[in-house]
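Descriptive analysis of the structure
The primary structure of each chain is shown beneath.
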Amino acid sequence: MNQIDIFGAGARRMQMTESIELTIQSLLAYGADHDHWGVAWSGGKDSSATLTLLIYLIDTGKIPRPKTLTVFYADTRQELLPLAASARQIMDELEERGIKVEVVMAPLDDRFMVYILGRGVPPPNNNTLRWCTGQIKIEPMEEALRRHVESLEGQVLMITGVRQGESAIRDRRIEMSCGKDGAECGQGWYQQVLPNAKGLRGRLATLAPLLHWRVCHVWEWLKHWAPTAEFGDWSTAAIADAYGGDEAEEINARTGCVGCPLAQEDSALDTVLKNPHWAYLAPMKGIKVLWRELREPQHRLRKAGIERLKDGSIGKNPQRMGPLTFEARLMGLERILAIQAEVNAAATALGRPLVDMVNAEEEARIRELIALETWPRGWDGDEPIATTIMDTVYQNGAVQPRLFSEAEL
Ligand code: SF4
C-alpha cells in the first residue's frame, strides 16, 4: 500500500515537473520577443496559479526577467469573499517584491449592482443578454491596457490563466464560456478578444503558459507547492480551500462572480459554506435567487408592439421584455443590503472578514439613478408592465387580437 502511495506521489511530482517544464519552454519561446509583460489576474484558481508560478520562475532565474512586469487585477466587486481576501494577501506579497499591481474596476455606473439596480438592466442570462463579462471584466481591462501600451514602446505580452488540459489542446479549442469545464470567467476573452480590441491591435500579444495543465496540477501548485518557501511562500492555499480543501482536487470548479446568474448552481459558494469559518456567508445564497426573480415579468416593462429601431428598421423581437421597474430595483437593493447587513453582523460577532457588496458610493448612485428616473437605452418608461395582457404582435406587424378580454379571464 505504501509502495503505491509513494509511487503515486512520485508520479504526481514528475507530472508536475513536466508541466512546469513545458510552461518554462513556452515562456522562453514567446517571452524573449517582448520587453514588457502583463498578467491578467482575476484571483481565481487558474490565473492565480499562473501568476505565482510566473513570479517564482522569474525569481529563480528559470526565465529571464522582462523589462517591466505589470499585474492587472480584475476586480469585478462580485468575487467570492475567500477569493477576494486571498487576492488581497497575494497583492501585498507582490508589492513586497516590488511588482506593480494595477486594480482594474469598471466605472461606477457600469458595475454589476449599479447597472442592474440603478439603471434597471435585467440580470444577465445565458440566452438573451450576456452583458456582464464584457462590461465588468473585458472593457475595464481593455481600457487599462490601452493606457498601459500608450506609455510604453513596443508590444506587450499579456499572460493569461487560460487552461484547457490536454484534450482541448489537441482540439485547439479555447473555451470562451465561463460555465464550461471549470474555465475561469473572462480568461478566454482576455486570450482571444483583447489582442483585437481597438487601440490594442498589433500592440498586444497573449500567451497562456498553463494551457496544458490539468486541474489537479492547479490544485497541487496552489495547495502544496506555492505556499512553501522554496516556491515563493505564496498565500495560495486559501484559494484551493475556498473550492473545498482536499476534495477540491476532484472538482473542476469554475470561478466567477458570487451568485452568477449564468451558472447552473452556486457551487463555489456552496463549497465555501461547508467550511465552518465561512458558514456565516450563508445569506449570500439569496443573491442568485434574487437575480432569477428579477427576470420575471411582474418586475419588468414590455414593448407593446413592434419596435422601430433608430435606422427605421423593425426590431426582431416584438413585445420583448425589458428593464426593471423602479419598484423592482428598490426591492432588489433592499434585499442586497439586507443580505450584506446580516452577513456583516455575523462577521463582526465572529471577528471574521466583512463583505462589501454595495458600498456607500454605489448605494447613493443607485438611489440617484432611480430618483432621476433613468431607463436603459431604447426605453422611456411609459411601456406597459410585462404582465399586461396584450394582443399578440408578430414581427411583420400582424396583430392577433386576444381571444378574451381581461374581464373575461
Ligand atoms: S461570473 Fe457570471 S456574472 Fe460574473 S461576469 Fe462571468 S458570467 Fe457574468
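All of these numbers come straight from a predicted model, not from anything done at the bench.

The helix and strand inventory of the chain stands at 13 helices and nine strands. Counting over 409 residues, the chain shows a buried share of 53%. A separation threshold of at least 6 residues defines the contact pool for the chain, and within that pool the share at least 24 residues apart is 74%. For the chain, the computed accessible surface area is about 19,500 Å², with 52% contributed by carbon and sulfur atoms.

On to the packing of aromatic side chains, then. Scanning the entire structure with this criterion turns up eleven aromatic pairs. Taking the centre distance of 5.4 Å and the plane angle of 35 degrees together, the rings of Phe112 and Trp131 count as tilted. Of the two residues, Phe112 is situated in helix H4 (residues 112–118) and Trp131 in the loop between H4 and helix H5 (132–150); the sequence distance between them amounts to 19 residues. Both residues of the pair, Phe112 and Trp131, belong to the buried class. Seen from their ring centres, Trp221 and Phe231 are 5.6 Å apart, and the 70 degrees between their planes marks the pair as edge-to-face. One end of the pair, Trp221, is in helix H8 (residues 215–225); the other, Phe231, is in the loop between H8 and helix H9 (237–242), with ten residues separating them in the sequence. Three or more aromatic residues joined by ring pairs form one cluster here, namely Tyr56, Trp221, Trp225 and Phe231. The aromatic ring of Trp375 is capped on one face by Arg329, whose charged end is 4.7 Å from the ring centroid.

Right, let's get into the site of the ligand. Lining the immediate environment of the ligand, one finds 13 residues, of which Cys132, Cys185, Gly256, Cys257 and Cys260 sit closest. Ranked by residues supplied to the shell around the ligand, first place goes to H5 with three residues. Along the lines of polarity and charge, the residues of the shell around the ligand split into nine nonpolar, two polar and two charged.

Before going further, it helps to spend a moment on H8. Of all eleven residues making up H8, nine are buried, and the element is well covered by its neighbours. Of the residues making up H8, those classed as buried are Val215, His217, Val218, Trp219, Glu220, Trp221, Leu222, Lys223 and Trp225.

Another aspect to go through is the side chain of His36. Structurally, His36 can be placed in strand S1 (residues 36–41). Assessed through its relative accessible area of 7%, His36 is described here as buried. Engagement of the side chain of His36 in a polar contact is seen with the backbone oxygen of Glu153, the distance being 3.4 Å. When near neighbours in sequence (up to four residues on either side) are disregarded, His36 contacts Lys67, Thr68, Leu152, Glu153, Gln155, Val156 and Leu157.

Moving on to unusual backbone geometry. Even without being a glycine, Arg77 presents a positive backbone phi close to 70 degrees. Tracing the chain through its elements places Arg77 in the loop between strand S2 (68–74) and helix H3 (81–96). The backbone phi angle of Asp233 is positive, close to 60 degrees, even though this residue is not glycine. Structurally, Asp233 is set in the loop between H8 and H9. Under the relative-accessibility criterion, Asp233 is labelled exposed at 51%.

Summed over all chains, the structure comprises 18 salt bridges. Across the pair Asp46 and Arg163 runs a salt bridge, and its minimum N-O distance is 2.8 Å. With Asp46 in helix H2 (residues 45–59) and Arg163 in the loop between strand S4 (156–159) and helix H6 (165–171), this pair connects stretches of sequence that are 117 residues apart. One exposure class covers both Asp46 and Arg163, and it is buried.

Our focus in this paragraph is the side chain of Lys288. The topology assignment puts Lys288 in helix H11 (residues 285–294). Despite its burial, Lys288 pairs with no opposite charge; the closest candidate is Asp266, at 5.6 Å N-O. Reaching out from Lys288, the side chain makes a polar contact with the backbone oxygen of Cys260 at a distance of 3.0 Å. If we ignore the near neighbours within four places in the chain, the residues touching Lys288 are Gly259, Cys260, Pro261, Ala263, Gln264, Glu265 and Asp266.

Moving on to the sheet that holds strand S3 (residues 100–104). Taken together, five strands build an open sheet; the order of strands is S3-S2-S1-S4-S5 and the sheet is parallel. Single-partner strands in this sheet number two, and they are S3 and strand S5 (204–207). Sheet twist, expressed as the average angle between the axes of neighbouring strands with direction ignored, equals 25 degrees. Strands in contact with H2 are S1, S2 and S4; relative to S1, the strand with the most contacts, it is inclined by about 150 degrees. Strands S1, S2, S3, S4 and S5 of the sheet are contacted by H5, whose axis makes an angle of about 160 degrees with S2.

How each quantity is defined
Starting from 1, residues in each chain are numbered consecutively following that chain's sequence as written. A pLDDT threshold of at least 70 governs which residues receive local features in this predicted model, and a stricter bar of 80 or more applies before side-chain atom pairs are shown or counted, although totals over entire chains, interfaces and linings include all residues. Hydrogens and water molecules were not included; the side-chain quantities draw on all heavy atoms of the structure. Where helices and strands are cited, they refer to DSSP runs of H or I of at least four residues and of E of at least two residues respectively, numbered from the N terminus. Residue burial is assigned from relative accessible area. The probe radius is 1.4 Å, only protein chains are included, and a residue is buried under 20% of its type maximum, exposed over 50%, and partly exposed in between. It only takes one pair of heavy atoms within 4.5 Å for two residues to be counted as in contact. Residue-level accessible areas treat just the shown protein chains as cover; the underlying method is Shrake-Rupley with a 1.4 Å probe. Stacked, edge-to-face and tilted are the three classes for Phe, Tyr and Trp ring pairs, Trp counted by its six-membered ring, which pair at centre distances within 6.5 Å; planes under 30 degrees apart are stacked, over 60 edge-to-face, the rest tilted. When the NZ atom of lysine or the CZ atom of arginine is within 6 Å of a ring's centre and also within 35 degrees of its normal, the charge is said to sit over that ring. Residues are labelled near a given molecule or strand when at least one of their non-hydrogen atoms is within 4 Å of it. Gly is put with the polar residues, along with every residue not named as nonpolar or charged; the nonpolar set is Ala, Val, Leu, Ile, Met, Phe, Trp, Tyr, Cys and Pro, and the charged set is Asp, Glu, Lys and Arg. Identification of polar contacts relies on pairs of N or O atoms within 3.5 Å, with a donor-acceptor requirement for protein atoms, meaning one able to donate a hydrogen and the other able to accept it, and with residues adjacent in sequence counted only if both atoms are side-chain atoms. Definition used for salt bridges: Asp or Glu carboxyl oxygen within 4 Å of a side-chain nitrogen of Lys or Arg. A positive count includes Lys and Arg, and a negative count includes Asp and Glu. His and the chain ends are not counted in either. Whether two strands pair depends on DSSP finding at least two bridges between them. The convention used is that axes are lines fitted to C-alpha atoms, helices contributing only their stretch in contact, and that angles between N-to-C directions extend from 0 to 180 degrees.

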